[in-house]
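Notes for the structure review
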Amino acid sequence: MTSRLQVTEIERVRESLHAAHSVFVLTGAGVSAESGVPTFRGGGNAAVWKGMPFYEISSAGMVERDLPEVWAWFDYRLGVLSDLKPNPAHKTLARWQDKFSSFTLATQNIDGLHQAAGSRDVYELHGNVWTARCIECDARSDVRRLGAARPPVCLDCRNPMRPDVVLFGEMLPVGVFDRAVDAARTAEVCFVVGTSALVYPAASLPEVAKRGGAFLVEVNPEKTPLTEYCDASLRGPAGELLPLLGFE
Ligand code: APR
């Protein structure tokens, strides 16, 4: 049962959204939770692989030390992802892209579910798990085209390939973050959906939007360090709340 406070909050957000021309959205693992993708931190426990915390197996150091084991972890995640479908949160955000003169969707997720829901030009701040990158020549390939060899071998220079995702200890891909900052800075409304807002520099984007004058909205069942800066907080699952904001 939606509380009276939540109804009012939804109304306030709906009004700001329908009055906006430029909208910026940042998503995290929580937007894919209702599709069955495990989050990293929400719910109090952290993902672990063979006793290693996710930030260790998903690290630049691990690529140096044991690339086959990194692939074993990512192949497990590809296995989980391969049967999963976008949920109403992904689908709602895909519909929003044609409703505003300026709409930007930036995600920390590497699952490709926004694109599967029909979102175009998604700013993938942390890369995409379906893509591999050559450690020597930087050539990229769809993992599904690379056969079973692990690590996969580059089709251009025959060197080993690694997952084309941003690992712990690595910088974000040049360009995509800067474009996200520019879009956030000029947004009238900024949505932060399904992120614990703990990992930088992605977590700085809502702050950039707020300083730029944006109406800041958080959608998350739990409070985050960002909550106190928000103009509105919608407490609950994104797949249930985003469709309530109209444009369906
Ligand atoms: N709808 C909205 N939010 C949800 C839902 C849901 N159905 N279910 C969980 N959440 C929220 C949780 O309350 C939590 O605040 O989503 C958030 C998920 O947080 P994390 O697991 O920390 O994921 P994220 O913020 O995306 O992590 C950032 O850290 O591990 C790295 O590179 C990885 O991109 C990731 C980054």
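Use the structure listed above.
Residues numbered from 1 in each chain as written. Predicted model: local features only at pLDDT ≥ 70, side-chain atom pairs only at ≥ 80, totals over all residues. Heavy atoms only, no water.

Taken together, six strands build an open sheet; the order of strands is E5-E4-E1-E9-E10-E11 and the sheet is parallel. With one partner strand each, in any of the chains shown, strand E5 (123-124) and strand E11 (232-234) form the two edges of the open sheet. The sheet contact formed by strand E10 (residues 215-219) and E11 spans three bridges and is parallel. Note on E11: the bridge partner recorded for Glu218 is Ser233. Lying on the sheet, helix H5 (residues 88-96) is in contact with strand E1 (22-27), strand E4 (102-107) and strand E9 (189-193); it crosses E4 at an angle near 150°. (Pairing = 2+ DSSP bridges. Helix = DSSP H or I, 4+ residues; strand = E, 2+ residues; numbered from the N terminus. Contact = heavy atoms within 4.5 Å. Axes fitted to C-alpha atoms, helices over the stretch in contact; angles between N-to-C directions.)

Glancing now at the layout of surface pockets. In this structure, the second largest pocket spans a volume of roughly 280 Å³. Every residue lining the second largest pocket is counted, 18 residues in all, and those nearest its centre are Arg133, Arg140, Asp164, Val166 and Pro173. Here the lining of the second largest pocket gets three residues from one element, more than from any other, and that element is strand E6 (residues 127-134). Looking at side-chain class alone, the lining of the second largest pocket contains eight nonpolar, three polar and seven charged residues. Lining the lining of the second largest pocket are residues from two domains, each supplying at least three of them: domain 1 (4-37 + 85-126 + 171-245) and domain 2 (47-82 + 137-165). (1 Å grid on protein atoms, 1.4 Å probe; cavity = no way out; pocket = protein on both sides within 12 Å on 5 of 7 lines; lining within 4 Å. Points joined across faces, edges and corners; volume = space filled by probe spheres on them. Nonpolar A, V, L, I, M, F, W, Y, C, P; charged D, E, K, R; others polar. Domains from an automatic or database assignment.)

Note that all results are geometric; they support no functional claim without further evidence.
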